[in-house]
Amino acid sequence: MAGAEDGPGQQPDLEDDEAASCRRWGAQHAGARELAALYSPGKRFQEWCCVVLCFCLIAHNTVHLLLLARWEQTPLVMLGMVAGALLADFLSGLVHWGADTWGSVELPIVGKAFIRPFREHHIDPTAITRHDFIETNGDNCLLTLLPLLNMAYKFRTQSPEALEQLYPWECFVFCLIIFSTFTNQIHKWSHTYFGLPRWVIFLQDWHIILPRKHHRIHHVSPHETYFCITTGWLNYPLEKMGFWRRLEDIIQALTGEKPRADDMKWAQKIK
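Residues numbered from 1 in each chain as written. Predicted model: local features only at pLDDT ≥ 70, side-chain atom pairs only at ≥ 80, totals over all residues. Heavy atoms only, no water.

Moving on: the nonpolar core. By size, the foremost hydrophobic cluster in this structure holds 22 residues, and its most contacted members are Cys 54, Leu 65, Leu 148, Met 151, Phe 155, Tyr 167 and Phe 174. Elements with a minimum of two residues in this core: α3 (41-68), α7 (133-157) and α8 (160-181). Each residue touching Leu 148, except ones within four places of it in the same chain, is listed here: Cys 54, Leu 57, Ile 58, Asn 61, Phe 174 and Ile 177. Among the nonpolar cores identified, the runner-up in size contains seven residues, and Ile 186, Val 200, Ile 209 and Ile 229 belong to it. (Core = buried A, V, L, I, M, F, W, Y, C linked by side-chain atoms within 4.5 Å. Buried < 20%, exposed > 50% of the residue type's maximum accessible area, 1.4 Å probe, protein only. Helix = DSSP H or I, 4+ residues; strand = E, 2+ residues; numbered from the N terminus. Contact = heavy atoms within 4.5 Å.)

Here you go:
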């Protein structure tokens, strides 16, 4: 577990390192302004639809899971919840690493819609704190719609006996979905140093969700480590294994593509 966070009057240990490597970065950076302008009304409408539908399904599935709860299944349910959080953390790292390291904003469909925010975030890390709830969570809500719909379908079509047998598994899946849905919100909180609710700070301090100080390690250029942004539990072991560097070496050997080339291109824009 992580200890207490730095107080309001203290500076995080890595702030000087980040400031030294990113003095030219921020909302006024030419690349950051250009990337922010690519956020379109169509993208905004898609995010609204996904957020509304996602939260309706979460509410529906939560009610059904509570109605099916049985005390005797508590150990398996707790194990499933921890496993769901771990898998969500790994998947957040995999997606984050993939979007940070490969691809281009110019790619059809996915470039402006999904890669753009990652490029903007490295140039202007505080931009995410200025995004509202819809822009912050819209993409993740889109990704979790199908598993939420599948779960809702099961609750409507399967017998209570069958659902009771599947209950620990469904709790695992639901926990995975919840952590995945709120990954960007958790990520936003990790960049927010003022005005956070006490319960969010408590969860960060006890490393139940991504702590602020922990995530600053990723934002030291060239942003090549600590990619997991849900709980951050897997960042240290994956770093010690050299997991991401090994993947990059394999992909570069197979494709000839250089990791983070597009990211560097946007960071070097001056006008």
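Once you've had a look at it, read on.
Here the focus is the environment of Gly 111. Mapping Gly 111 onto the fold places it in helix α5 (residues 110-123). Note on Gly 111: relative accessible area 0%, which makes it buried. Counting along the chain gives twelve residues from Gly 111 to Ala 99, while the straight-line C-alpha distance between them is 9.5 Å. Apart from the residues within four sequence positions on either side, Gly 111 is in contact with Ser 104, Val 105 and Arg 116.

Within helix α9 (residues 183-190), eight of the eight residues are buried, which leaves the element mostly enclosed by the surrounding structure. Within the sequence span of α9, burial applies to Thr 183, Asn 184, Gln 185, Ile 186, His 187, Lys 188, Trp 189 and Ser 190.

For the coordinates displayed, the defined rule picks out eleven aromatic pairs. When the centroid spacing of 6.4 Å and the interplanar angle of 45° are considered together, the rings of Phe 202 and Trp 206 count as tilted. Using a relative accessible area of 43% as the deciding quantity, one classes Trp 206 as partly exposed. Summarising the aromatic geometry, the rings of Phe 227 and Trp 244 are spaced 5.5 Å apart at their centres and angled 75° between planes, so their arrangement reads as edge-to-face. Of this pair, Phe 227 sits in the loop between α11 (212-215) and α12 (235-241) while Trp 244 sits in helix α13 (residues 243-255); the two residues are 17 residues apart in sequence, bridging distant segments of the chain. (Phe/Tyr/Trp six-rings, centres within 6.5 Å; stacked < 30°, edge-to-face > 60°.)

Now for the layout of surface pockets. Its volume calculated, the largest pocket comes out at about 750 Å³. Around the largest pocket, the lining is made up of 36 residues, and of these Val 95, Phe 118, Asp 139, Asn 140 and Asn 184 lie nearest the centre. Listing elements by their share of the lining of the largest pocket, those giving two or more residues are α3, α4 (74-101), α5, α6 (127-130), α7, α8 and α9. For the lining of the largest pocket, the leading source of residues is α5, giving eight residues. Grouping the amino acids of the lining of the largest pocket by side-chain chemistry returns 16 nonpolar, 13 polar and seven charged. The computed volume of the second largest pocket comes to approximately 540 Å³. Around the second largest pocket sit 25 residues that line it, and Met 81, Phe 174, Cys 175, Ile 178 and Phe 179 are the ones nearest its centre. Looking at the lining of the second largest pocket, its residues break down into 23 nonpolar, two polar and no charged. (1 Å grid on protein atoms, 1.4 Å probe; cavity = no way out; pocket = protein on both sides within 12 Å on 5 of 7 lines; lining within 4 Å. Points joined across faces, edges and corners; volume = space filled by probe spheres on them. Nonpolar A, V, L, I, M, F, W, Y, C, P; charged D, E, K, R; others polar.)

Here we take up the pattern of salt bridges. One pass over the full model with this rule turns up eight salt bridges. Across the salt bridge formed by Lys 43 and Glu 47, the nearest N and O atoms sit 3.9 Å from each other. With Lys 43 and Glu 47 both in helix α3, this residue pair falls four residues apart, about one helical turn. For the residue pair Lys 43 and Glu 47, the accessibility class agrees, reading buried in each case. For Glu 170, the salt bridge goes to Lys 154, with nearest N and O atoms at 3.0 Å. Taken together, the residues span a long stretch of sequence, with Glu 170 in helix α8 and Lys 154 in helix α7 at a distance of 16 residues. Taken individually, Glu 170 and Lys 154 each receive the classification buried, so the pair is uniform in this respect. (Salt bridge = Lys/Arg side-chain N within 4 Å of Asp/Glu carboxyl O.)

Attention now moves to unusual backbone geometry. Of note in the backbone geometry, His 207 takes a positive phi value of approximately 55° without being a glycine. Mapped onto the secondary structure, His 207 falls in the loop between α10 (198-205) and α11. Its identity is not glycine, yet Tyr 226 carries a phi of approximately 55°, on the positive side. For Tyr 226, the location among the structural elements is in the loop between α11 and α12. What makes Tyr 226 buried here is its relative accessible area of 11%.

Another point: α8. For α8, which comprises 22 residues, the first-to-last C-alpha distance of 27 Å sits more than 12% below the rise-based estimate of 32 Å (1.5 Å per residue). Within α8, the axis deviates most sharply at Tyr 167, by approximately 60°, and proline Pro 168 lies no more than four positions further along. (Expected span 1.5 Å × (residues − 1). Bend = angle between axes of the 7 residues up to and from the residue.)

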